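# Architecture at a glance
One-letter residues, chain by chain:
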Amino acid sequence: MKLLNDISQFSEWEKILVGSIDKIIIILAICSVPATIASYSRIPISGFQISMALHLFIAISLVTSAYIRHKLSVKFKLNMVLVLTVLISLAGVYNWGLLGNGILWSILSIIFITLYYGIKFGIFSIGLFFVYVSIIGYLYTQGIITPQADPSVYAVSVSGWLTGIIGSLLPLSISVLIIGTLYQAARDSLIRLERQRIEITILAERDDLTGIYNARVFRKLLEQAIERSKRHNTWVYLINIDLDNFKSINDNYGHHAGDATLQYIAKQLLNVTRGEDTLCRIGGDEFLMLIDSPQRHSPQELEVVIKRIKAAIEIPYIYEKTKLKVRGSIGYAEYNATSTPELKNKDDILKLADSQMFKDKELSRAQQTS
Ligand SMILES: Nc1nc2c(ncn2[C@@H]2O[C@H](COP(=O)(O)OP(=O)(O)OP(=O)(O)O)[C@@H](O)[C@H]2O)c(=O)[nH]1
């Protein structure tokens, strides 16, 4: 997992972080003013504390940083927010013990450390935090450090509650902002990646013009069908469909008409292709259909399939009010791992279907000229 400090490798992350870190600094700067006033309002109860000087320093740093935020680098701003939150939590626990929000700020610091340096550092900082709070707790319980204010007075004072409310709202809202922004960014990028994956798959497997499978996928599926036949003695039928004199459509009506006709033919062929069979365009005006069957089909059955394909192709396509008539020549190859030993591989099957198709083409040419 990439961490926030890897931002130089991620322009996308950088954009997200620039947006969210600036929001965080502005919120922190705005809130640091009332928080500092609330902190100083405790002077009558507790006297002046080091944490108050720290609050003032932090408020000045945040307001200045918010003002010149566009001039500061993302890394600097991230580190600054991290250092400030750590300082607030350490000073808060030391000065106010259980009375202050130091422990809440520690949670925010640990979230920052984890996001910035990774889970290992996050766990390590939990350990350090545990040791630190235990030592401070020990010192308080032994009376070595004493509370900065009388707890019974502090717990019912307006300034104590004001500091408590503002001081706890800040880490809570920052946590929501950070986690919400990162969650949204991760979700958006996952959705985008999934879309890209689907687009890449479609581009790699489909024919641009017709949207049906391309030759690459078909070759893979044919190889798989051959393997199935070797293992389960199934029958593979490869039907080669080539349009007749397709060039004349391009020549007479233009390339656009040719494209539209090819799309139409692909739809017609899909209409007569069973769900379990596969259709592809291997290029130009040539299509292949793959039938992978557990039992052998008789030549009569295949004749029915071929007639159905031819009939579907011959339904005229209406292009700009003109009826375009297309015919197709069809040949097929039958393959079974044990019954057709002359066919050694997919190329032999493809060649056989191709030569059968040519025979059909010759026949229909001869019929047309006689
Ligand atoms: N419009 C369009 N035409 C294409 C496309 N791919 C190939 N063609 C055309 O299809 C025609 C195929 O020509 P041939 O292989 O000679 O086939 P034919 O004209 O059908 O002739 P026979 O197959 O011999 O009957 C050529 O004119 C190619 O330019 C395409 O994607 N779109």
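Residues numbered from 1 in each chain as written. Predicted model: local features only at pLDDT ≥ 70, side-chain atom pairs only at ≥ 80, totals over all residues. Heavy atoms only, no water.

## Concerning the pairing of strand β1 (residues 235-243)
- A large share of β1 lies buried, amounting to nine of its nine residues.
- By the alternation rule, side chains of β1 split into Trp235, Tyr237, Ile239, Ile241 and Leu243 and Val236, Leu238, Asn240 and Asp242, which are all buried.
- Pairing of β1 with strand β3 (residues 286-293) involves eight bridges; the strand directions are antiparallel. Note that in β3 the partner of Leu238 across the bridge is Leu290.
- Bridge count for β1 against strand β6 (residues 328-335) is eight bridges, and the pairing is antiparallel. (Buried < 20%, exposed > 50% of the residue type's maximum accessible area, 1.4 Å probe, protein only. Helix = DSSP H or I, 4+ residues; strand = E, 2+ residues; numbered from the N terminus. Pairing = 2+ DSSP bridges.)

## Quick word on the site of the ligand
- Taken together, 17 residues are adjacent to the ligand, and Asn245, Phe246, Asp259, Asp285 and Arg365 come closest.
- Residue Asn250 places a side-chain N or O atom 2.9 Å away from a nitrogen atom belonging to the ligand.
- In the environment of the ligand, an oxygen atom lies 2.7 Å from a nitrogen or oxygen atom belonging to the side chain of Arg365.
- Taken together, the elements giving at least two residues each to the shell around the ligand come down to β1, α10 (247-253), α11 (255-271) and α13 (346-369).
- Considering every element that reaches the shell around the ligand, the biggest residue donor is α11, with four residues.
- Residues belonging to the shell around the ligand are distributed by class as follows: four nonpolar, five polar and eight charged. (Near = heavy atom within 4 Å. Polar contact = N/O pair within 3.5 Å; in protein donor to acceptor, adjacent residues only side chain to side chain. Nonpolar A, V, L, I, M, F, W, Y, C, P; charged D, E, K, R; others polar.)

## A word on the sheet that holds β1
- Pairing is antiparallel in the open sheet, where four strands are placed in the order β2-β3-β1-β6. Looking at the sheet topology across the chains shown, the edges are occupied by β2 (278-283) and β6. Taking each pair of neighbouring strands and ignoring which way they run, the sheet shows an average axis angle of 20 degrees.
- Against the sheet, α11 engages β1, β2 and β3, with an angle of about 15 degrees to β3.
- Across the sheet, α13 is in contact with β1, β3 and β6; its angle to β6 comes to roughly 145 degrees. (Axes fitted to C-alpha atoms, helices over the stretch in contact; angles between N-to-C directions. Contact = heavy atoms within 4.5 Å.)

## Regarding the UniProt feature "transmembrane region" (unreviewed entry) in the chain
- Within this structure's numbering, the places UniProt gives as "transmembrane region" (unreviewed entry) are residues 21-41, 47-68, 80-97, 103-119, 126-145 and 165-186.
- Helix makes up 82% of residues 47-68 and strand 0%, and the two end C-alpha atoms of the span are 34 Å apart.
- Here residues 165-186 is 100% helix and 0% strand, with 31 Å between the C-alpha atoms at its ends. (UniProt positions renumbered as here; feature names shortened; annotations may be inferred.)

## Thoughts on α11
- Given a rise of 1.5 Å per residue, 17 residues ought to cover 24 Å, and the 24 Å separating the end C-alpha atoms of α11 matches this to within 8%.
- Of the positions making up α11, those classed as buried are Ala257, Gly258, Ala260, Thr261, Leu262, Tyr264, Ile265, Ala266, Gln268 and Leu269. (Expected span 1.5 Å × (residues − 1).)

## Remarks on the packing of helix α4 (residues 74-96) against helix α6 (residues 119-141)
- As a packed pair, α4 and α6 sit with axes 9 Å apart at the nearest point and diverge in direction by 20 degrees. When the interaxial angle is binned, α4 and α6 end up roughly parallel. Once α4 is placed against α6, the crossing between them reads as right-handed. Residue-level inspection shows Leu90, Val93, Tyr94, Asn95 and Trp96 of α4 in contact with α6, the latter providing Tyr132, Val133, Ile136 and Tyr140. (Parallel < 35°, antiparallel > 145°, perpendicular 65-115°, else oblique. Left-handed = near helix turned anticlockwise from the far one by under 90°.)

## Considerations on the confidence of the model for the chain
- Scored by pLDDT, the chain comes out at a mean of 88, with 95% of its residues at no less than 70.
- Scoring of the predicted complex yields 0.61 for pTM and 0.95 for ipTM. (pLDDT = per-residue confidence, 0-100.)

## Observations concerning the side chain of Ser46
- Locating Ser46 in the fold gives a position in helix α2 (residues 43-46).
- Residue class for Ser46 comes out buried when judged on its relative accessible area of 12%.
- Beyond its immediate chain neighbours, meaning those up to four positions away, Ser46 contacts Met52, Trp96, Gln148 and Ala149.

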